[in-house]
Amino acid sequence: MNSFSNYYGRIDGFPSICIGINMRTLNFDTVNIYSGNLVLVNREHPITCKNNNYAVSLVSVGTDYPDILLDYVAAKELSRIRNVLNLYDDIVPVSGFRTRSEQKRIYTDSLQKNGTDFTEKYVALPDRSEHQTGLAIDLAENKSEYDFIRPHFPDIGICMEFRKEAIHYGFIERYPKGKESTTGIAHESWHFRYVGYPHSEIMNMKNLTLEEYIRYLKNFPYKGSHLKFFNYEYYYEIFYISLSQLRKSSVIIPADVSCQISGNNIDGFIITLRKLK
Ligand code: DAL
Ligand code: ZN
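Residues numbered from 1 in each chain as written. Chains lettered and ligands numbered in written order. Predicted model: local features only at pLDDT ≥ 70, side-chain atom pairs only at ≥ 80, totals over all residues. Heavy atoms only, no water.

1. Regarding the overall build of the chain
Argument step 1. Scanning the chain from N- to C-terminus turns up 7 helices and 12 strands.
Argument step 2. For the chain, with 277 residues in total, the buried portion stands at 51%.
Argument step 3. Intrachain contacts of the chain at a sequence separation of at least 6 include 70% that bridge at least 24 residues.
Argument step 4. Element-wise, carbon and sulfur atoms account for 47% of the exposed surface of the chain, whose accessible area totals about 13600 Å². (Helix = DSSP H or I, 4+ residues; strand = E, 2+ residues; numbered from the N terminus. Buried < 20%, exposed > 50% of the residue type's maximum accessible area, 1.4 Å probe, protein only. Contact = heavy atoms within 4.5 Å. Areas by Shrake-Rupley, 256 points an atom, 1.4 Å probe, with all protein chains shown as cover.)

What follows is the structure, encoded as structure tokens:
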């Protein structure tokens, strides 16, 4: 298995990659605050979407599962994990993208079948489910029947290998044990969320849920010190800019770095810069 986690870390002395001569200005469309890998979707922060469905580029997670859809980048990274671990049918996808009406049906059915306590713990309300973003996938160990709401995905064997490897490809276990009061959802060992790299790595190192990470990133504003990270290949620099700050100033970055912008679905954007070492 390819593991290079020993090379990861924060680098405090490393010069900012925002120092440069050739610069470019980033353009923001404020409606994009509701989309991107790092959108926080939970009880307090529902999805904002048009026509009842969230705008996302979906593909199936594999030819064997034409009905299970995921955001195309998340699907690509998922298939890279499956290749690296030589996963064939050991782990199977159970549920990916859901429309609002699918989420509503799952919620209502569960209320009838399992009652309120169970449903509130394990099923998000319509528009409060990150399955509607196409960035979440439920997986099961391939052992005969599986439960749709709580698939079996244990902390041992191939499932544990997947859990560890997924971090290197932008996925996090979204509802960890011990963080139920932060996420508002019970421990779900089977639910993975694509947040992108290196965010998955940083969240794992710092033991942060998405709720906590989105708050943490506010310590790294555009006009302040940025969050720095590297691996064997790239330097990364991450910062946050609020909508109100964006109205007052534009964001200027070096011309020679690659850049990803994600809304946080609350009040601003997270910018991730990447440069070859
Ligand atoms: N099971 C997760 C919380 C959902 O329904 O989105
Ligand atoms: Zn799920």
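2. Some points on the packing of aromatic side chains
Argument step 1. Here the structure, examined in full by the defined rule, presents 14 aromatic pairs.
Argument step 2. Consider the rings of Phe162 and Phe192, whose centres lie 5.2 Å apart with planes at 80°: the pair is edge-to-face. With Phe162 in helix H3 (residues 157–166) and Phe192 in strand E7 (residues 188–194), this pair connects stretches of sequence that are 30 residues apart.
Argument step 3. Taking the relative accessible area as the measure of exposure, Phe192 reaches 1% and is therefore buried.
Argument step 4. Taking 5.2 Å as the distance between ring centres and 65° as the angle between the ring planes, the aromatic pair formed by Phe171 and Tyr194 counts as edge-to-face. Of this pair, Phe171 sits in strand E6 (residues 171–175) while Tyr194 sits in strand E7, and the two are 23 residues apart along the sequence.
Argument step 5. When its relative accessible area of 1% is taken as the criterion, Phe171 is described as buried. (Phe/Tyr/Trp six-rings, centres within 6.5 Å; stacked < 30°, edge-to-face > 60°.)

3. Describing the pairing of strand E5 (residues 136–141)
Regular strands place their side chains on alternate faces of the sheet.
Argument step 1. A large share of E5 lies buried, amounting to 6 of its 6 residues.
Argument step 2. Covered by surrounding structure in E5 are Ala136, Asp138 and Ala140 together with Ile137, Leu139 and Glu141, the residues of both alternating faces.
Argument step 3. Of the pairings in the sheet, the one linking strand E4 (residues 91–95) to E5 comprises 4 bridges and is antiparallel in character. Across the sheet, Ser95 pairs through a bridge with Asp138, a residue of E5.
Argument step 4. Pairing between E5 and E7: 3 bridges, direction antiparallel. Residue pairing for E7: Asp138 is matched across the bridge by His191. (Pairing = 2+ DSSP bridges.)

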